[in-house]
Structure formats: structure tokens, C-alpha cells
Amino acid sequence: VFQFSYDMTFGSGGSHRKYRSGGSHQRRNGELFINTLQGKIAEFGVFQYFKENKINTNEPDLSTWDLGIWDSTDLIVNHKKINIKSTKSKGHLLLLETKDWDSNGNYIPNIDIDGGDYDYFVLSRIDPDGERIMKDNRFYLSDNVDIETLKNIILNIKWKFDIVGYIEKHDLIKIVNKKIIIKKNEYLNKWTPMDADNYYVQSGDMRNINHLLPDLRTNDT
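As the structure is a computational prediction, the values presented were derived from the model and not from experiment. (Residues numbered from 1 in each chain as written. Predicted model: local features only at pLDDT ≥ 70, side-chain atom pairs only at ≥ 80, totals over all residues. Heavy atoms only, no water.)

1. Details of the packing of aromatic side chains
Counted by the stated rule, this structure contains 12 aromatic pairs. Geometrically, the ring pair formed by Phe-44 and Phe-47 is edge-to-face, given 6.2 Å between the ring centres and 80° between the ring planes. With Phe-44 and Phe-47 both in helix α2 (residues 29-52) and 3 residues apart, the pair spans about one turn of that helix. With centroids separated by 6.1 Å and ring planes inclined at 55°, the aromatic side chains of Trp-101 and Tyr-118 adopt a geometry described as tilted. A residue pair is termed long-range when its members are at least 10 positions apart, and Trp-101 in the loop between β3 (93-97) and α3 (111-114) and Tyr-118 in the loop between α3 and β4 (120-127) qualify at 17 residues. Here Trp-101 matches Tyr-118 in class, with each residue buried. By way of ring pairs, the aromatic residues Phe-2, Tyr-6, Phe-10 and Phe-33 are connected into one cluster. The cationic tip of Lys-40 hangs over the ring face of Phe-4; the distance from NZ or CZ to the ring centre is 5.1 Å. The lysine or arginine in question, Lys-135, covers the ring of Tyr-140, its NZ or CZ lying 4.8 Å from the ring centre. (Phe/Tyr/Trp six-rings, centres within 6.5 Å; stacked < 30°, edge-to-face > 60°. Helix = DSSP H or I, 4+ residues; strand = E, 2+ residues; numbered from the N terminus. Buried < 20%, exposed > 50% of the residue type's maximum accessible area, 1.4 Å probe, protein only. Lys NZ or Arg CZ within 6 Å of the ring centre and 35° of its normal.)

Structure below.
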């Protein structure tokens, strides 16, 4: 995960977009790196949880891609596609950029690839706060960081995760059509201004992850 995140940002193995959909903030490589790292840790955390509960699924993709190319699905279980989102250790919101989703709950950038259809959306919290670590080391706003220096810091941290919950596609469709949105420039937790309009779901309104397991075991071979 570390090597993938470094290659996709500071390295030359791939590229992530600098702007969020509908956003105006240009992310530096330090910010992109920690966002990528925490996102992949979340994917592997959910993967680990599924394996421990005897759910067969693919391992998260660690292939690097050029700008404009990405993996279309995080995990697939019995032909059911799962989108995994991450948040900070005290985060309580599943956020989805409004410009990425249509009224049928389909992910617009992937519609021409595979229809953009997801069955479930899982939110995982990552601890500790990677952004704070990058800022404390003055890497967050950097575009160039020595790989060995960064590796020594990141790999000496005990990274942990917990799964907040999940929603189903029909939940997302309701959210989209009811326009449950945090607007651009509104403040999240009183301190963080939103860079783009986002649909949101609070943790208390999400389904318990344990309830997803029976659905994923259906027709499991």
C-alpha cells in the first residue's frame, strides 16, 4: 500500500487527479499521498474483515495507472460490487461528490466502462490521522519527498481501522433524489470547509456491517 501510494503521487508510476469533482482546491502530492494511503488501508481492512468471516473476494487492486484511468470497483463478492470509502478516526460521514453520481445512483465516470453500478457502499475509519502526521512532518503541502524518509515514518506507525457501516444502492438513490447535500464552502465539524458539494450519510443512519454478511454469502461457492 505504501509503495502504491508513493508511485501514484510522489513517484512516476501513476497519477491521481489534483481536483475533486466540483472542487477548486488543487491537492499537492503530500495530500494526495495520504488520501491514497488511507483509502487503500480502508480497502484492505474491509478485505481482511470479509476473509475473517469466510467471504470470498478479490484482493484490492495495487496496479498503478495514468491520469484518467482507475480501477472501477474496490471489491467484488458474488458479482456484487462494493465501493469502500475512508474517513478519519473520528469521522462520522460517508461523503460522495455530487458531480460523480446520477439520479439512479450510478457512478458517472464509470458508466461507459461498466455501467457505474455499485451494490453497496462501506465506510471505514482509519487511525491515526494521516493528514496530521503529514502536516507535522511538513510533507502535506510538498510535491517531492524522499521515499526512504517517508517510508521510515509511515511504516513505523501502527495503522488501525474500524468499519462504521454501509448503505445499499437504493439508499443512495433516495439520498440523491432528496438532495441530502453538504454544500461547497460549508463547514464540516466547524473547522473544515467543503471543497465540493457532497451527498452525505451520518454514521448513525448506516446499516451495521454484520448485516451485510448474509447477503454476500448468498450463492457463495
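2. Re the pairing of β4
For β4, a buried count of 7 out of 8 residues is recorded, marking the element as mostly surrounded by other parts of the structure. As paired elements, strand β2 (residues 80-88) and β4 share 7 bridges and run parallel to each other. Looking at β4, one finds that Lys-88 is bridged to Ile-126. (Pairing = 2+ DSSP bridges.)

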